[in-house]
There are 2 protein chains.
Amino acid sequence: MIEPPYLLFLGDAPDPLAAKVAYGIRDWRPEAAVGQFRMEGCQADLGLPDMTLAEAREKGARSLVIGVANRGGTIAPDWVAILREALGLGFDLAAGLHVRLADVPELREAAAAAGRTIHDVRLPRRDYPIATGANRSGRRCLAVGTDCSVGKMYAMLAMEREMRERGMKADFRATGQTGILIAGDGVPLDAVVADFMAGAVEWLTPANEPDHWDLIEGQGSLFHPSYSGVTLALMHGGRPDALILCHEPTRRHLRGLPDYPLPSLDALRDLSLALARIVNPEVRVAGIAVNTAAMHAEAARDYLEAVEQRLGLPTVDPFRDGAGRLVDALVTDD
Amino acid sequence: MIEPPYLLFLGDAPDPLAAKVAYGIRDWRPEAAVGQFRMEGCQADLGLPDMTLAEAREKGARSLVIGVANRGGTIAPDWVAILREALGLGFDLAAGLHVRLADVPELREAAAAAGRTIHDVRLPRRDYPIATGANRSGRRCLAVGTDCSVGKMYAMLAMEREMRERGMKADFRATGQTGILIAGDGVPLDAVVADFMAGAVEWLTPANEPDHWDLIEGQGSLFHPSYSGVTLALMHGGRPDALILCHEPTRRHLRGLPDYPLPSLDALRDLSLALARIVNPEVRVAGIAVNTAAMHAEAARDYLEAVEQRLGLPTVDPFRDGAGRLVDALVTDD
């Protein structure tokens, strides 16, 4: 568990996109972000107070979270100097970079000397069991997509926020590095060894109160041959009661695979139900979340209405419309 | 690649079942097995010549292969003494044990001193790429099962043997530790990191001559929640042209999961085709391999006939009947 509150490190981000992890934390855990730390030339700005390390510590910050992708897969010397200083001031460090902070000798030594923790969230931090497929109390909702990166994490975070605002018991369960940095905990599923994938998801979504919902971040797609096995492990380990179908309608082919057209939402519904029923015969599709960011407002509205009519399921863009109707659909049959 | 020929180490096997890896190598790679090495009290016997280490070296043996499961997950001191001696005599070592030979300091040091290799085949030996889902020349056949341990490896090995006897180009592609020790190479898929599972299978089944068949060892089952993600990665990484359905009719529930009944062969056919078509729309089910070892001969024959009638597919027990009809079915439509 990464200790909040955070100071968000934006480094020398060349543009806002490079700092998308920091934006995610600001949007979804604003209470956990006391400020931002920017280096000379940083082209991202979260609109949070700029702070020195010492100022952030005074405001109570306990973890410095790397909210920016580094360039070239190495950690630049000027970053290392700042991160060392942070450890010395009592910060823990957290990052989801491909290169591990703990593999930088100066940082590993500085953390040991200061008694602080480095969280490299791309790597599993524990051993996971083999999945049992067992039923368990509590309820679970999983986002499944026609492709990678179609808004599965966003949909689950939006539903968590809506449910908590309604006073419902709900927890977003992170399965990727950005989600883990937002939630402060989770399973980096794509880095788990094959035999333990489903068991890791069971561990992440344990028995809970009967009216508690886990909102499980999806990964990959059943239709994406590079990652489909990870997706199926999520379905069988997560044992969902409800599925939310996620889609991005303007995409021409699967991410990174020009020869693979996107499947239809109908095909996603049918295949997802067939596979999820293996572990939970009662599973149902509760609704559809569409990322319409690349469409004009009117075209988006027409598209959502057409899908809703065709599939007979509440269909929203959680960013434009909020997740209220998806949450309504979750609780309708309870 | 484990260098043949092998001396098969049976240790102090308490019964033949403990030495099933050695029996597998004897049955499927008899040309690679020059003899057996048995310790005092060994209760397994392959019917191969008993040899000392030195005698086996004289007969040309290059690798000592651990063909027995060790008790309790540790390597006993009396094994270590023998394995050290083997390294000193010029043997490589190969094992698929849970505990790694290379983690035993005396063995690691003896191998380094002798310039020999230790193959711990439960662990990946290289980095694998992310799968591309790309089409490629050559043909591929994958065994899929209603459960774990229903004869998928056996079916593919039997088909390889039959195809080679007919002069066809065929290679068994191992994806588990027993298969790797039999084939001498392969991918220990259950130990590969999630993101690279499908890519590892693509690596294992590369482009080949148009009339060459890869016979891919299956793992787990789409219906087994502990391992289904591994199975789907095999289907999407292996991009099969043909599937062989594998089944064990007397089993009452999925292996290790008393609450999960076995799916029907019909359900296996339908779900497997739906998923395999994502990467290869031309894929078809070629036949059915049933493990009838637990049935009387007459009951087995009746069962096979009934399945063949119901599903309209050649249905055999490769152990009782050979794999000829499965191979016929593979080549029928070529």
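Scroll up to find the structure.
Calculation notes
Residue positions within a chain follow its written sequence, with the count starting from 1. For this description, chains carry letters from A and ligands carry numbers from 1, given in the order in which they are written. Totals for whole chains, interfaces and linings use every residue, but because this is a predicted model, local features are given only for residues with pLDDT of at least 70 and side-chain atom pairs only at 80 or more, for both listing and counting. As a rule here, side-chain values come from all non-hydrogen atoms in the structure, and water together with hydrogens is ignored. Numbering of helices and strands starts at the N terminus; helices are DSSP runs of H or I of at least 4 residues and strands are runs of E of at least 2. Only the C-alpha atoms count toward the radius of gyration. The rule for a globule is 2.2 Å times the residue count to the power 0.38. Accessible area is worked out with a 1.4 Å probe on protein chains only. A residue is then buried under 20% of its type maximum, exposed over 50%, and partly exposed in between. We call two residues contacting when some pair of their heavy atoms lies within 4.5 Å. The protein chains shown are the only cover counted for residues, whose accessible areas, like all others here, come from Shrake-Rupley with a 1.4 Å probe. By the counting rule applied here, Lys and Arg register as positive and Asp and Glu as negative, while His and the ends of each chain are not counted. By convention, the charge on Lys lies at NZ, on Arg at CZ, on Asp at CG and on Glu at CD. Strands are labelled as partners when DSSP assigns at least two bridges between them. All axes here are fitted lines through C-alpha atoms, helices being fitted over the stretch that makes contact, and every angle between N-to-C directions spans 0 to 180 degrees. Here's the idea: put two parts together, see how much 1.4 Å probe accessible area each one loses, and the total over both is what we call buried area. Here a salt bridge means any side-chain nitrogen of Lys or Arg lying within 4 Å of a carboxyl oxygen belonging to Asp or Glu. In protein, a polar contact requires one atom able to donate a hydrogen and another able to accept it; more generally it is a pair of N or O atoms within 3.5 Å, and residues adjacent in sequence count only if both atoms are side-chain atoms. Side-chain classes are defined by residue name, with Ala, Val, Leu, Ile, Met, Phe, Trp, Tyr, Cys and Pro counting as nonpolar, Asp, Glu, Lys and Arg as charged, and the others, Gly among them, as polar. To line up the copies, we fit them by least squares on C-alpha atoms, keeping just the residues with pLDDT of at least 70 in both. Put simply, angles under 35 degrees are roughly parallel, angles over 145 are roughly antiparallel, angles from 65 to 115 are roughly perpendicular, and the rest are oblique. In this scheme the crossing of two helices becomes right-handed for a clockwise turn of the near helix relative to the far one and left-handed for an anticlockwise turn of less than a right angle. Space inside and on the surface of the protein is sampled on a 1 Å grid over the protein atoms alone, with a cavity defined as a set of points where a 1.4 Å probe fits but cannot get out and a pocket as an open set with protein on both sides within 12 Å along at least 5 of 7 lines; lining residues have an atom within 4 Å of a point. Grid points are joined across faces, edges and corners, and a volume is the space filled by probe spheres set on the points. How far a helix is expected to stretch is found by multiplying one less than its residue total by 1.5 Å.

Visitor: So what about the overall build of chain A? Which residues, and what values?
Guide: Secondary structure summary: chain A contains 12 helices and 11 strands in total. For chain A, whose C-alpha radius of gyration is 20 Å, the value lies close to the compact-globule estimate of 20 Å for 334 residues. Taken along the three principal axes of its C-alpha coordinates, chain A extends 55 × 45 × 45 Å. By residue count, 58% of the 334 residues in chain A fall in the buried class. Put simply, of all contacts in chain A between residues at least 6 apart along the chain, 75% involve residues at least 24 apart. Element-wise, carbon and sulfur atoms account for 50% of the exposed surface of chain A, whose accessible area totals about 13,400 Å². Taking the average place of the 35 positive charges on the side chains of chain A and the average place of its 46 negative ones, the gap between the two points comes to 2 Å.

Visitor: Can you explain the sheet that holds strand E10 (residues 284-290) of chain A? Please cite residues and give values.
Guide: Residues and elements named next belong to chain A. Overall, parallel pairing links the 6 strands, which are arranged E7-E8-E6-E9-E10-E11 in an open sheet. Strands at the two margins of the open sheet, each flanked by one partner only, are strand E7 (169-173) and strand E11 (315-316). Alignment of strand E6 (residues 139-145) against strand E9 (residues 242-247), held across 5 bridges, turns out to be parallel. In the strand pairing of E9, Ala 143 is matched with Ile 244. Strand contacts of helix H5 (residues 152-165): E6, E7, strand E8 (212-216), E9 and E10, with the helix running at about 160 degrees to E7, the strand carrying the most contacts. Across the sheet, helix H9 (residues 265-276) is in contact with E6, E9 and E10; its angle to E9 comes to roughly 150 degrees.

Visitor: Lay out the interface of chain B and chain A in plain terms, naming residues and giving numbers.
Guide: With 31 residues of chain B in contact, the opposing surface of chain A contributes 31 residues. When chain B packs against chain A, the two sides together hide about 2,500 Å² of surface, and 63% of this comes from carbon and sulfur. When the buried surface of chain B facing chain A is broken down by residue, Asp195(B), Tyr260(B) and Ile278(B) rank first, second and third, together holding 20% of it. For the pair chain B and chain A, the number of links is 0 salt bridges. Inspection of the region where chain B meets chain A yields 10 residue pairs in polar contact (both at pLDDT 80 or more). Breaking the side of chain B that touches chain A down by element, the ones donating at least two residues are helix H7 (197-204), helix H8 (228-238) and helix H9 (265-276) of chain B. Broken down by element, the residue count for the side of chain B that touches chain A peaks at 6 residues, all from H8(B). Residue classes in the side of chain B that touches chain A are distributed as 23 nonpolar, 6 polar and 2 charged.

Visitor: So what's going on with the pattern of salt bridges? Which residues, and what values?
Guide: Residue and element names in this part refer to chain A. In total, this model carries 42 salt bridges over all chains according to the counting rule given. Notably, a salt bridge pairs Glu 209 with Lys 169, separated by 2.9 Å at the nearest N-O pair. A residue pair is termed long-range when its members are at least 10 positions apart, and Glu 209 in the loop between helix H7 (197-204) and E8 and Lys 169 in strand E7 qualify at 40 residues. You can call Lys 169 partly exposed: its relative accessible area is 32%. With a shortest N-O distance of 2.5 Å, Arg 310 and Asp 266 are connected by a salt bridge. Within this pair, whereas Arg 310 is found in helix H10 (residues 297-311), its partner Asp 266 is found in helix H9, the two being separated by 44 residues in sequence.

Visitor: Any chance you could break down the sheet that holds strand E3 (residues 63-66) of chain A for me, citing the residues and the numbers?
Guide: Residues and elements named next belong to chain A. Here we have 5 strands laid out as an open sheet, ordered E2-E1-E3-E4-E5, and parallel in their pairing. A strand with exactly one partner marks an edge of an open sheet, and here the two such strands are strand E2 (33-38) and strand E5 (118-120). Neighbour to neighbour, the strand axes of the sheet diverge by 20 degrees on average, direction disregarded. Where strand E4 (residues 92-95) and E5 come together, 3 bridges link them in parallel fashion.

Visitor: Tell me about the relation of the copies chain B and chain A, residues and numbers included.
Guide: Relative to chain A, chain B is turned by 180 degrees and slid 0.0 Å along the rotation axis, the superposed coordinates differing by an RMSD of 0.0 Å. Expressed as a symmetry operation, the mapping of one chain copy onto the other fits a two-fold axis. By residue overlap, the copies meet face to face through one surface: 100% of the interface positions of chain B are interface positions in chain A.

Visitor: So what's going on with the side chain of Arg29(A)? Which residues, and what values?
Guide: Residue and element names in this part refer to chain A. Among the secondary structure elements, Arg 29 is positioned in the loop between helix H1 (20-28) and E2. Judged by relative accessible area, Arg 29 falls into the buried class, the value being 13%. At 3.5 Å, the side chain of Arg 29 forms a polar contact with the backbone oxygen of Ile 182.

Visitor: How would you sum up the packing of H9(A) against H10(A)? Please name residues and give values.
Guide: Residue and element names in this part refer to chain A. At a minimum axis distance of 11 Å, the contact between H9 and H10 shows a crossing angle of 45 degrees. Compared by their axis directions, H9 and H10 come out oblique. Taken as a pair, H9 and H10 cross one another with a handedness that is right-handed. On the side of H9, the interface is formed by Leu 265, Asp 266 and Arg 269, while H10 contributes Tyr 303, Val 307, Arg 310 and Leu 311. Class assignment for the residues of the contact of H9 with H10 results in 4 nonpolar, no polar and 3 charged.

Visitor: Tell me about the pairing of strand E6 (residues 139-145) of chain B, and name the residues and values.
Guide: Residues and elements named next belong to chain B. Among the 7 residues of E6, 6 are classified as buried, and the element is accordingly described as predominantly covered. Across 4 bridges, E6 lies against strand E8 (residues 212-216) in parallel orientation. When the sheet's bridge partners are listed, Cys 141 is paired in E8 with Leu 215.

Visitor: Requested: an account of empty space enclosed by the protein, with residues and values cited.
Guide: The probe, sized like a water molecule, is rolled over the atoms to show the empty space still left. Going through the model one piece at a time under the given rule, you end up with 2 cavities of 30 Å³ or more. By volume, the largest cavity is sized at about 100 Å³. Surrounding the largest cavity, 15 residues form its lining, Val121(B), Arg125(B), Ile180(B), Asp185(B) and Gly186(B) being those nearest its centre. Classifying every residue of the lining of the largest cavity gives 8 nonpolar, 3 polar and 4 charged. In this structure, the second largest cavity is lined by Met1(A), Ile2(A), His119(A), Val121(A), Leu123(A), Arg125(A), Ile180(A), Gly184(A), Asp185(A), Gly186(A) and Pro188(A). Within the lining of the second largest cavity, the residues separate by chemical class into 6 nonpolar, 3 polar and 2 charged.

Visitor: Can you lay out unusual backbone geometry for me, pointing to particular residues and giving the numbers?
Guide: All names here are of chain A. Cis peptide bonds are those with omega within 30 degrees of zero, and the linkage from Pro 4 to Pro 5 qualifies with -10 degrees. With respect to the secondary-structure elements, Pro 5 resides in the segment before strand E1 (6-11). At Arg 239, a position not held by glycine, the phi torsion is positive, near 45 degrees. Examined against the element boundaries, Arg 239 turns out to sit in the loop between helix H8 (228-238) and E9. Judged by its relative accessible area of 11%, Arg 239 falls in the buried class.

Visitor: Can you explain H10(A)? Please cite residues and give values.
Guide: If you check H10(A), its first and last C-alpha atoms are 21 Å apart, about what 15 residues at 1.5 Å a residue would give, namely 21 Å. Directly beyond the C-terminal end of H10(A), a positive phi value near 65 degrees is found at Gly312(A).

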